[in-house]
Amino acid sequence: LVGSEMCIETAPLLIGCDLAQLDDFTISLLTNDEVIDINQDPLGYQAAPLWRDGNRQVIYMKPLEDGSVAVGLFNRDEKPAEMKFTMRQLGMRDKKIVRDVWRQQDIATLDTGESYTTQVAPHGVVLLKVYPGNPTDRCIGKVGDSEKDTERYEGPENVRIDLRHVQRFGRLGTSPDARTAHGAD
């Protein structure tokens, strides 16, 4: 639970143990490239709650640089929970692949109106990546050279990106106010 939460929240990934004593299973967990890629995504966004049932179950979503999204389904309850999300909730359209990043396996293919449902163990988490990203034709207005020509991009329901902070090659700018402008602090 903690490793997935730190990953999707873009928190530093730390380990505090004797590395010489790690077994192969633990090493494979700590070196999972797909999980590390979500944590180290260049956009630097933290996940935002997409859905919650009080504090017992929460689904977080994190937009990734390539247009895909990471989704964490967290069950903090004492009982197993059936949790689901729709492609529309994620702002995804067309056919997408759902991938379990801990197991490094594609587990479903979904279309725009479909949903993904899974059982999450008590105090457990399912960490997914939904890809590929949407086509980049969702810009509203014109992205130009001046601030007045620049408008916004509408992504998933709860993500609005002010394109004034997007550099010409398509990544977030590094201005000091870029993180707070995107709600990432």
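Owing to the predicted nature of the structure, the values given are computational and were not obtained by experimental measurement.

Observations regarding the overall build of the chain
And then number 1: Each helix and strand in the chain was counted, giving 5 helices and 11 strands.
And then number 2: Burial statistics for the chain: of 185 residues in total, 38% are counted as buried.
And then number 3: Sequence-distant contacts in the chain: of pairs separated by 6 or more residues, those separated by 24 or more amount to 56%.
And then number 4: Carbon together with sulfur atoms contributes 50% to the accessible area of the chain, which is approximately 10600 Å² in total.

Comments concerning a nonpolar patch on the surface
And then number 1: A cluster of nonpolar side chains, contributed by Ile15, Leu19, Phe25, Leu29 and Leu30, occupies part of the molecular surface with about 480 Å² of accessible area.
And then number 2: Relative to the assigned elements, Leu29 resides in helix 2 (residues 24-30).

Some points on the pattern of salt bridges
And then number 1: The final tally for this structure, using the stated rule, is 7 salt bridges.
And then number 2: Arg56 serves as the salt-bridge partner of Asp53, at 2.5 Å between the closest nitrogen and oxygen.
And then number 3: With a relative accessible area of 41%, Arg56 lands in the partly exposed category.
And then number 4: The residue Asp100 makes a salt bridge to Arg103 at a minimum N-O spacing of 3.2 Å.
And then number 5: Classification of Asp100 as buried rests on a relative accessible area of 7%.

Some remarks on the packing of aromatic side chains
And then number 1: The full count for this structure, using the stated rule, is 2 aromatic pairs.
And then number 2: When the centroid spacing of 5.6 Å and the interplanar angle of 85° are considered together, the rings of Tyr60 and Phe74 count as edge-to-face. Remark: Phe74 occurs in strand 3 (residues 69-75) and Tyr60 occurs in strand 2 (residues 57-63); sequence separation between them is 14 residues. One exposure class covers both Tyr60 and Phe74, and it is buried.

What counts, and at which threshold
- Residues numbered from 1 in each chain as written.
- Predicted model: local features only at pLDDT ≥ 70, side-chain atom pairs only at ≥ 80, totals over all residues.
- Heavy atoms only, no water.
- Helix = DSSP H or I, 4+ residues; strand = E, 2+ residues; numbered from the N terminus.
- Buried < 20%, exposed > 50% of the residue type's maximum accessible area, 1.4 Å probe, protein only.
- Contact = heavy atoms within 4.5 Å.
- Areas by Shrake-Rupley, 256 points an atom, 1.4 Å probe, with all protein chains shown as cover.
- Patch = residues over 30% accessible without salt bridge, like charges linked within 9 Å, V, L, I, M, F, W, Y side chains within 5 Å.
- Salt bridge = Lys/Arg side-chain N within 4 Å of Asp/Glu carboxyl O.
- Phe/Tyr/Trp six-rings, centres within 6.5 Å; stacked < 30°, edge-to-face > 60°.

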